[in-house]
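Architecture at a glance
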Amino acid sequence: MRILFASAEAYPLAKVGGLGDVAGSLPKALRTLGHDVRLAMPRYQVIRAAGEEVGPFSVAMGGRRHEALLRTTDIDGVPVYLIDHPPFFDRPKVYEYDDDGKRFGFFGKAILDLPEAANWWPEVVHLNDWHTALAAAFLRTTHATDARYRDIRTVLTIHNLQHQGRFGRELFDWLGLSPETWNPEGVEFYGQLNFLKAGIVYADRVNTVSPTYAKEIQTAELGAGLDGLLRSRAAKLSGILNGIDIDVWNPAKDEWIPQTYTRSTVEKKSKNKESLQRESGLAVDAKAPLFGLVGRATDQKGFDILMPVIPDILALGAQIVLLATGEKRYEESLAAMAKGRRDMVAYLKYDEALAHRIYAGADFFLMPSRFEPCGLGQMISLRYGTVPVVRATGGLADTITDVTESPRKGNGFLFKEYTPGALLDAVHRAVELHRRGRGWKALHLRAMAADLSWTTSAKEYASLYEGARAA
Ligand code: ADP
């Protein structure tokens, strides 16, 4: 099957979060299954290797034609089409510009103009998150009369429902979407243009990145205003758990960690702990339970329940290493809390190599998320034998089994209520098991035994594409 996989980010070319990991690894797994998958993404400033020039192409928008250049490169054998349009993308960051609506509206349209320029026509266009979602609306409206597009089907994956891409009516006019789409059954959402809604309405299949999150987004609590629409589309909505790239995240071969190890040499992991303690200025102490966290410092990731219990966690004799960027208020409090301490360090930056050292060096990994579409941190931790302490929501609930409840099957610690007290209780249980020692090694080994590869999920995506083609 020919599949065009469109994403605003893809590791290692450009990664902001989990979407980058998925776009950098799922297409590879689909190619292994024999599908002709190619990626489409904007060429940002960080993508320095220019890539081979395919040719110029123009995208009509805002009453004029924008001349862009199509280039190709690859990610481990997966062909990548780079949409090179410097006015929108030759910038240091991927997101968070005032004109993101124009930038990704342009991208959504360019995805459909790309096949002609590339002389390669996909059977399925796989859209990811709001940045690409408008392509589904263009395909079914402005492009509907063009026979070349008639057999193309679309799949939209929602990696995070909270980010919808909402903009004013003027953007709708600028983009040139068909006027008939401006209504509550189309792309309009309370007087605004909603990119993600457009994708949900017009894509042939919609899925999200874990079965539990697929259910949760149909509730008022986690539906972010789109739960009604999602319930009405339940028949074309599913959940497929993400995998991780087990070559990138591989404790046996990881070049970024001081000491490699496998399940049969798991005791060597302690070298990574020692080295992480040393580089972080913590007391070098094998017995102190070390809690790691790598992620965005936001409410979604549970920082509002984590912050108040950090002193209690440290009071248990534990150590904490955080690698996070996010809301200023959290960054400032974390810096203030960690100042001058030998049991806590807060790295407030984005650092891929340090993330690997934390996944490998910590005993536990904290992920107290308020909601979590899938979550990669807990899966990466399992791969490194680092025991996750997580809240039972979304993909966390689908990947982690509580060891207190299921001593023979558990691979981590789960808590249900979204409160500081419930989080602290799970941390207590973790510290207790670490201290007691009994069952600790078995827990490590079970964590490392989990199948986290894309193999199973890639097959589910292939079935989803088949379903879309039959639609
Ligand atoms: P998100 O909601 O942010 O996408 P995920 O758990 O799905 O959360 O994925 C986060 C990814 O980003 C993981 O690969 C994690 O290791 C990485 N990451 C997050 N913050 C940082 C950081 N400050 N430095 C390095 N890597 C980070």
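Reading the values: the criteria
Residues numbered from 1 in each chain as written. Predicted model: local features only at pLDDT ≥ 70, side-chain atom pairs only at ≥ 80, totals over all residues. Heavy atoms only, no water. Helix = DSSP H or I, 4+ residues; strand = E, 2+ residues; numbered from the N terminus. Rg over C-alpha atoms; globule rule 2.2 N^0.38 Å. Buried < 20%, exposed > 50% of the residue type's maximum accessible area, 1.4 Å probe, protein only. Contact = heavy atoms within 4.5 Å. Near = heavy atom within 4 Å. Polar contact = N/O pair within 3.5 Å; in protein donor to acceptor, adjacent residues only side chain to side chain. Areas by Shrake-Rupley, 256 points an atom, 1.4 Å probe, with all protein chains shown as cover. Nonpolar A, V, L, I, M, F, W, Y, C, P; charged D, E, K, R; others polar. Salt bridge = Lys/Arg side-chain N within 4 Å of Asp/Glu carboxyl O. Pairing = 2+ DSSP bridges. Axes fitted to C-alpha atoms, helices over the stretch in contact; angles between N-to-C directions. Phe/Tyr/Trp six-rings, centres within 6.5 Å; stacked < 30°, edge-to-face > 60°. Lys NZ or Arg CZ within 6 Å of the ring centre and 35° of its normal. Parallel < 35°, antiparallel > 145°, perpendicular 65-115°, else oblique. Right-handed = clockwise from strand over helix to strand, strands pointing away.

Structural notes on the overall build of the protein chain
When helices and strands are tallied, the protein chain shows 18 helices and 18 strands. Compactness check: the protein chain gives a C-alpha radius of gyration of 23 Å against a globular reference of 23 Å for 471 residues, within 12% of the reference. With respect to the three principal axes, the spread of C-alpha positions in the protein chain is 70 × 45 × 40 Å. Expressed as a percentage of its 471 residues, the buried residues of the protein chain come to 60%. Contacts spanning at least 24 positions in sequence make up 70% of the contacts within the protein chain whose residues lie at least 6 apart.

Considerations on the site of the ligand
Surrounding the ligand, one finds 19 residues, the nearest of these being Gly18, Arg296, Lys301, Lys349 and Tyr359. Aspartate 351 has a polar backbone atom sitting 3.1 Å from a nitrogen atom of the ligand. Contact with the protein chains covers 91% of the free accessible surface of the ligand, which is 570 Å². For the shell around the ligand, the secondary-structure elements that each account for two or more residues are α1 (18-32), β13 (290-297), α13 (352-361) and α14 (377-383). Considering every element that reaches the shell around the ligand, the biggest residue donor is β13, with three residues. Across the shell around the ligand, the residue classes tally to eight nonpolar, five polar and six charged.

Quick word on the pattern of salt bridges
In total, this model carries 30 salt bridges according to the counting rule given. In this structure, aspartate 146 and arginine 148 form a salt bridge, with 2.8 Å as the shortest nitrogen-oxygen distance. Taking the relative accessible area as the measure of exposure, aspartate 146 reaches 24% and is therefore partly exposed. The partly exposed category is assigned to arginine 148, whose relative accessible area is 40%. A single salt-bridge network, built from bridges that share partners, covers Arg2, Glu123, Glu466 and Arg469.

Re the sheet that holds strand β18 (residues 413-415)
By way of backbone hydrogen bonds, the strands of a sheet pair with one another, either parallel or antiparallel. Reading across from one edge, β15-β14-β13-β16-β17-β18 is the order of the six strands in this open sheet, with parallel pairing throughout. Each having just a single partner strand, β15 (344-347) and β18 make up the two edges of the open sheet. Neighbour-to-neighbour, the strand axes of this sheet turn through a mean angle of 15°, independent of strand direction. By the bridge criterion, four bridges tie strand β14 (residues 319-326) to β15 in an arrangement that is parallel. The residue bridging leucine 322 from the neighbouring strand is alanine 346, located in β15. Seen against the sheet, helix α12 (residues 328-338) touches β13, β14 and β15 and runs at an angle of roughly 145° to β15.

Some thoughts on the environment of threonine 419
Mapped onto the secondary structure, threonine 419 falls in the loop between β18 and α16 (420-436). Threonine 419 sits in the partly exposed class, given a relative accessible area of 25%. Sequence spacing of threonine 419 and glutamate 123 is 296 residues, and the spatial spacing of their C-alpha atoms is 46 Å.

Some details on the pairing of strand β11 (residues 205-208)
Here strand β7 (residues 153-158) runs beside β11; their pairing, made up of four bridges, is parallel. When the sheet's bridge partners are listed, threonine 157 is paired in β11 with asparagine 207. Sheet topology note: the β11/strand β12 (residues 237-239) ladder contains three bridges and is parallel. Across the sheet, the residue bridging to valine 206 is leucine 237, located in β12.

Notes on the packing of aromatic side chains
Tallied over the entire structure, the rule returns 24 aromatic pairs. Measuring from centroid to centroid gives 6.2 Å for phenylalanine 88 and phenylalanine 89, while their planes differ by 70°, and the two rings are edge-to-face. For phenylalanine 89, a relative accessible area of 0% gives the class buried. Aromatic side chains phenylalanine 303 and tyrosine 330 sit 5.7 Å apart centroid to centroid with 40° between the ring planes, which places their arrangement in the tilted category. One end of the pair, phenylalanine 303, is in helix α10 (residues 303-306); the other, tyrosine 330, is in helix α12, with 27 residues separating them in the sequence. For the pair phenylalanine 303 and tyrosine 330, one class covers both residues: buried. By the ring-pair criterion, three or more aromatic residues cluster together here, those being Tyr44, Phe88, Phe89, Tyr95, Phe104, Phe106, Trp130, Phe167, Trp174 and Phe195. Directly above the aromatic system of tyrosine 97 lies the positively charged group of lysine 93, at a separation of 5.3 Å from the ring centroid. Lying across the ring of phenylalanine 138, lysine 109 places its NZ or CZ 5.5 Å from the centre.

Some thoughts on the packing of α1 against helix α18 (residues 455-470)
The interhelical angle for the contact between α1 and α18, taken along N-to-C directions, is 80°, at an axis separation of 9 Å. Here α1 lies roughly perpendicular to α18, going by the angle between them. Where α1 abuts α18, its residues Leu26, Ala29 and Leu30 lie against Ala458, Tyr461, Ala462 and Tyr465. When grouped by side-chain class, the residues that make up the contact of α1 with α18 number seven nonpolar, no polar and no charged.

A closer look at the pairing of strand β17 (residues 387-391)
Among the five residues in β17, five count as buried, and that is most of the element. Inspection of the sheet shows strand β16 (residues 364-367) paired to β17 by four bridges, in the parallel sense. Bridge pairing in β17 places methionine 367 opposite valine 390. In the classification by handedness, the crossover that spans β16, the intervening α14 and the parallel β17 is right-handed. One ladder, built from three bridges, connects β17 with β18; its direction is parallel. For valine 390, the partnering residue across the bridge sits in β18 and is leucine 414. This β-α-β element, β17 to helix α15 (residues 394-399) to β18, shows right-handed connectivity.

Overview of the environment of alanine 392
With respect to the helices and strands, the residue alanine 392 is situated in the loop between β17 and α15. With relative accessibility at 24%, the residue alanine 392 sits in the partly exposed group. With 366 residues separating them along the chain, alanine 392 and leucine 26 place their C-alpha atoms 25 Å apart. Setting aside chain neighbours within four positions, we find alanine 392 in contact with Ala397, Leu414, Phe415 and Lys416.

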